[in-house]
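Okay, here's what each chain looks like letter by letter:
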Amino acid sequence: MSNNRTRRPGDPWKNAEAVFKPAAPKAPAAAAPRPALPNAKELVSLRIDRDVLEHFQADGPGWQDRINAILREASGVDH
């Protein structure tokens, strides 16, 4: 006996839903750590009171280095 039924995929509604279903977001690849350069400075954003900033800038260029030296001394970090 032959079975002459046409083959239909499952539920057409479910098939359509599966086609248009948004794909799950892929997890971002972990960023490779950058090698540290010896004595490299890190760019940061720092909020400092205006009067403190003016005090260090009053002596001219190098004010960022002077702030760094004061912070290094206060933190006890050895260079």
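Everything quoted here is computed from the prediction, not taken from an experiment.

S.K.: What am I meant to see in the overall build of the protein here?
M.R.: Assigned secondary structure in the protein consists of three helices and zero strands. Out of the 79 residues belonging to the protein, those deemed buried represent 4%. Working note: accessible area of the protein is about 8500 Å², and carbon and sulfur atoms make up 57% of it.

S.K.: Sorry, what's going on with a nonpolar patch on the surface here?
M.R.: Among the surface-exposed residues, Val44, Leu46, Ile48, Val52 and Leu71 lie close enough to one another that they form a single nonpolar patch of about 440 Å² accessible area. When you line up the elements, Leu71 lands in helix α3 (residues 63-75).

S.K.: Teacher, can you tell me more about α3 here?
M.R.: Note on helix geometry: an α-helix contains 3.6 residues per turn, so any two residues three or four positions apart are oriented the same way. For α3, which comprises 13 residues, the first-to-last C-alpha distance of 18 Å matches the rise-based estimate of 18 Å (1.5 Å per residue) to within 8%. Gly76 lies just past α3 and shows a positive phi near 80 degrees.

S.K.: I'm lost on the layout of surface pockets in this one. Help?
M.R.: Considering only enclosed or pocket space, the largest pocket measures out at about 700 Å³ in volume. Lining the largest pocket are 19 residues, and of these Lys41, Glu42, Val44, Gln64 and Asn68 sit closest to its centre. Of all the elements, α3 adds the most residues to the lining of the largest pocket, at seven residues. The residue makeup of the lining of the largest pocket, split by class, is nine nonpolar, five polar and five charged. Computed from the structure, the second largest pocket encloses a volume of approximately 160 Å³.

S.K.: Where do I start with the pattern of salt bridges in this structure?
M.R.: Side chains that differ in sign of charge can pair as their charged atoms come close. On inspection of all chains with the given rule, the structure shows one salt bridge. Between Asp65 and Lys41 there is a salt bridge whose closest N-O contact spans 3.9 Å. Taken as a pair, Asp65 in helix α3 and Lys41 in the loop between α1 (12-20) and α2 (50-57) lie far apart in primary sequence, 24 residues in all. You can call Lys41 exposed: its relative accessible area is 64%.

S.K.: Looking at this structure, I do not really get the confidence of the model for the protein. What am I missing?
M.R.: Note that predicted coordinates carrying low pLDDT should not be read in detail. Averaged over all residues, the pLDDT of the protein equals 84, while 87% of them reach at least 70. Ranking the elements of the protein by mean pLDDT puts α1 last, at 80, and α2 first, at 96.

S.K.: So what exactly am I meant to see when it comes to the packing of α2 against α3 here?
M.R.: The relative placement of two packed helices is expressed as an angle between their axes plus a distance between the axes. For the pair α2 and α3, the least separation of the axes is 8 Å and the interaxial angle reads 110 degrees. As summarised for this structure, α2 and α3 are arranged roughly perpendicular, according to the angle between their axes. Where α2 crosses over α3, the handedness of that crossing is right-handed. Residues Leu53, Phe56 and Gln57 of α2 pack against Trp63, Arg66, Ile67 and Ile70 of α3. By residue class, the composition of the contact of α2 with α3 is five nonpolar, one polar and one charged.

The rules behind the values
Here, residues in each chain are numbered from 1, in the same order as that chain's written sequence. Thresholds applied to this predicted model are a pLDDT of at least 70 for local features of residues and 80 or more for the giving and counting of side-chain atom pairs; totals over whole chains, interfaces and linings are not thresholded and use all residues. With hydrogens and water set aside, each side-chain value is computed from the structure's full complement of heavy atoms. Secondary structure elements follow DSSP: runs of H or I of four or more residues count as helices, runs of E of two or more count as strands, with numbering from the N terminus. Under the scheme applied here, a residue whose accessible area is under 20% of the maximum for its type counts as buried, over 50% as exposed, and between as partly exposed, the area being computed with a 1.4 Å probe on protein chains only. For every accessible area listed, the method is Shrake-Rupley and the probe measures 1.4 Å; residues are considered covered only by the protein chains on display. Residues enter a patch when their relative accessible area is above 30% and they make no salt bridge; the linking distance is 9 Å between like charges and 5 Å between nonpolar side chains (Val, Leu, Ile, Met, Phe, Trp, Tyr). Salt bridge, as used here: a side-chain nitrogen of Lys or Arg that lies within 4 Å of a carboxyl oxygen of Asp or Glu. What a helix should span is 1.5 Å times the count of its residues minus one. Two kinds of site are reported from a 1 Å grid over the protein atoms alone, namely cavities, where a 1.4 Å probe fits but cannot get out, and pockets, open sets with protein on both sides within 12 Å along at least five of seven lines, and residues are called lining when an atom falls within 4 Å of a point. Grid points are joined across faces, edges and corners, and a volume is the space filled by probe spheres set on the points. Three residue categories are used. Nonpolar comprises Ala, Val, Leu, Ile, Met, Phe, Trp, Tyr, Cys and Pro, charged comprises Asp, Glu, Lys and Arg, and polar comprises the others, including Gly. The predictor rates its confidence in each residue with pLDDT, a number between 0 and 100. To obtain each axis, a line is fitted to C-alpha atoms, and for helices this fit is confined to the stretch in contact; angles are then taken between N-to-C directions over 0 to 180 degrees. Geometric relationships in this document are graded by angle, where less than 35 degrees denotes roughly parallel, more than 145 denotes roughly antiparallel, 65 to 115 denotes roughly perpendicular, and other angles denote oblique. Less than a right angle of anticlockwise turn of the near helix away from the far helix marks a crossing as left-handed, whereas a clockwise turn marks it as right-handed. In this analysis, two residues are considered to be in contact whenever any of their non-hydrogen atoms come within 4.5 Å of each other.

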